[in-house]
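The residues making up each chain are set out below.
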Amino acid sequence: MILLNPGPVCTSERVRNALMRGDMCHRESEFSTLLSSTRKKILQAFAPYGNYTTAIITGSGTASLEAGVCSSVSEGKKVLIINNGVYGDRISRIASAYRFNKVELQYDWREQPDLEQIEDAVSKDSDIEVVAMVHHETTTGLLNPIHEVGAITGKYGRTFLLDSISGLGGEEIDLATDNVDICIGTSNKCIQGLPGLSFVIIKQDEIKRLRNIPPRSLYLNIIAQLDEQEEKGECPFTPSVQTFYAFDEALRELLEEGVQNRIGRYRKASSYLRDEFKRLSLELLLPDELLSNTITALHLPENMTYANLHDSLKEKGFIIYAGQGQLNKKIFRIANMGEISTDDLQSLIKNLQKVLEDSK
Ligand SMILES: Cc1ncc(COP(=O)(O)O)c(C=O)c1O
């Protein structure tokens with residue numbers, strides 16, 4: 001099966017084989033070596049200029065996102081959430097679960113947020129301590145303006161928390177220049193590892209502030225995770241050891257390919273797909289200028305349900321992805337993250353064309 005869902009993605013044989021390296025006790029020096037090497041590779045790939053550190057958490061992307069949110073808002077302070085999709089909404093739901101005071105700016109799922117409104121909210125409310133946003137809204141394939149929002153949080157001295165779970169490895173980002181203080185990533189999307197591990201990249205200067213916030217979770221506390229990983233070279237709780245092997249291998253592959261080349265490969269693939277979708281008279285949900293390198297959301301053709309389209313393509317070996325929430329009945333999504341060859345993409349288009357023609 002060629003997975004065209006936005007994670008978990010198709011992985012290389014090298015990554016899958018890494019799972020078989022054998023059993024290992026996570027309290028032995030061999031695991032410390034693996035942990036240290038994997039953390040180093042994350043920083044090499046996404047924060048190469050120092051001043052950042054990282055903690056890896058066993059759990060899906062939401063685990064690290066929750067750790068980031070619940071560890072970063074001081075008692076009595078507020079988090080401002082920029083919400084233009086399912087994952088912006090997820091940050092809001094995490095904030096609600098922890099009973100945080102929140103200011104939520106909601107936007108149409110097909111629009112970027114209003115920067116003036118964000119600056120206005122931040123400048124007028126000194127209780128807003130953290131501004132949280134999604135980098136690449138997987139809901140629609142929309143890219144949010146990280147550079148501009150980072151400029152606002154930098155100007156007013158607030159913490160910028162970025163969910164780049166579907167961005168890292170696929171989109172341009174410079175954490176230092178974009179003023180990102182806390183960045184969340186996952187192993188099984190553009191990094192092309194396996195599901196089960198996620199991570200938080202955090203600016204060194206931010207750690208002191210976080211230390212003053214009493215822990216609200218035992219497992220999902222960034223400081224506790226970081227201290228244990230940095231000082232003892234261990235994870236506080238049983239890590240998914242074999243998934244670490246695969247993640248380390250996926251990061252090795254990413255560094256060999258080069259992050260810029262990976263981004264370029266995805267950009268080229270999405271550009272090919274979009275040209276072909278247009279040729280097949282499929283209508284894109286978003287205008288070109290808002291699109292990421294890795295997801296294309298398309299209106300369902302009039303004579304077709306998602307189930308028909310999905311099942312027909314699955315029969316041919318391709319897994320596409322449904323729309324979420326309000327877009328569930330209206331769109332479908334095709335992601336081009338992961339180990340997907342040009343031949344696979346061409347074959348997808350050929351099969352999609354046939355399915356569309358047969359439905360007429
Ligand atoms: C932007 C974004 N944030 C958060 C998540 C949640 O990640 P997970 O399903 O790994 O918990 C996803 C998953 O698709 C995502 O795309």
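Because the structure is predicted, anything quoted here is derived from the model rather than measured.

Parameters at a glance
- Residues numbered from 1 in each chain as written.
- Predicted model: local features only at pLDDT ≥ 70, side-chain atom pairs only at ≥ 80, totals over all residues.
- Heavy atoms only, no water.
- Helix = DSSP H or I, 4+ residues; strand = E, 2+ residues; numbered from the N terminus.
- Rg over C-alpha atoms; globule rule 2.2 N^0.38 Å.
- Buried < 20%, exposed > 50% of the residue type's maximum accessible area, 1.4 Å probe, protein only.
- Areas by Shrake-Rupley, 256 points an atom, 1.4 Å probe, with all protein chains shown as cover.
- Lys, Arg positive; Asp, Glu negative; His and termini not counted.
- Charge placed at Lys NZ, Arg CZ, Asp CG, Glu CD.
- Domains from an automatic or database assignment.
- Contact = heavy atoms within 4.5 Å.
- Buried area = accessible area lost by both parts, 1.4 Å probe.
- Salt bridge = Lys/Arg side-chain N within 4 Å of Asp/Glu carboxyl O.
- Polar contact = N/O pair within 3.5 Å; in protein donor to acceptor, adjacent residues only side chain to side chain.
- Nonpolar A, V, L, I, M, F, W, Y, C, P; charged D, E, K, R; others polar.
- Pairing = 2+ DSSP bridges.
- Axes fitted to C-alpha atoms, helices over the stretch in contact; angles between N-to-C directions.

When helices and strands are tallied, the protein shows 12 helices and 14 strands. Taken over the C-alpha trace, the protein has a radius of gyration of 20 Å; the compact-globule value for 360 residues is 21 Å, and the two agree within 12%. Counting only C-alpha atoms and orienting by the principal axes, one finds that the protein spans roughly 65 × 55 × 30 Å. Burial statistics for the protein: of 360 residues in total, 59% are counted as buried. When the accessible area of the protein is evaluated, it comes to approximately 15,000 Å², of which 47% is carbon and sulfur surface. Separation of charge centres in the protein, based on 40 positive and 50 negative side chains, amounts to 2 Å.

Think of interface size as the accessible area that goes away when the parts come together; that is how it is often given. Under the domain assignment used here, the protein contains domain 1 (15-256) and domain 2 (259-358). Listed as interface residues are 25 residues of domain 1 and, on the opposing side, 25 residues of domain 2. A combined buried area of about 2,100 Å² lies between domain 1 and domain 2, and 55% of that area is made up of carbon and sulfur atoms. The interface formed by domain 1 and domain 2 holds 1 salt bridge in total. In this structure, Glu172 and Arg267 form a salt bridge, with 3.2 Å as the shortest nitrogen-oxygen distance. Scanning the region where domain 1 abuts domain 2 turns up 14 residue pairs in polar contact (both at pLDDT 80 or more). Taken together, the residues that form the side of domain 1 that touches domain 2 break down as 10 nonpolar, 10 polar and 5 charged.

The subject of this paragraph is the sheet that holds strand E4 (residues 101-106). The strands that make up a sheet are held in pairs by hydrogen bonds between backbone atoms, and each pair lies either parallel or antiparallel. The strand order across the open sheet formed by 7 strands is E2-E10-E9-E8-E5-E3-E4, and the pairing between neighbours is mixed. Strands with a single pairing partner mark the edges of an open sheet, and in this sheet they are strand E2 (52-58) and E4. When the angles between neighbouring strand axes are averaged without regard to direction, this sheet yields 20°. Both E2 and strand E10 (residues 197-203) contribute to a ladder of 7 bridges, which runs antiparallel. Note on E10: the bridge partner recorded for Thr58 is Leu197. Of the strands in this sheet, E2, strand E8 (159-163), strand E9 (182-186) and E10 touch helix H3 (residues 61-70), which is tilted by about 165° from E9. This element, helix H8 (residues 222-232), spans E2, E9 and E10 of the sheet and lies at about 100° to E2.

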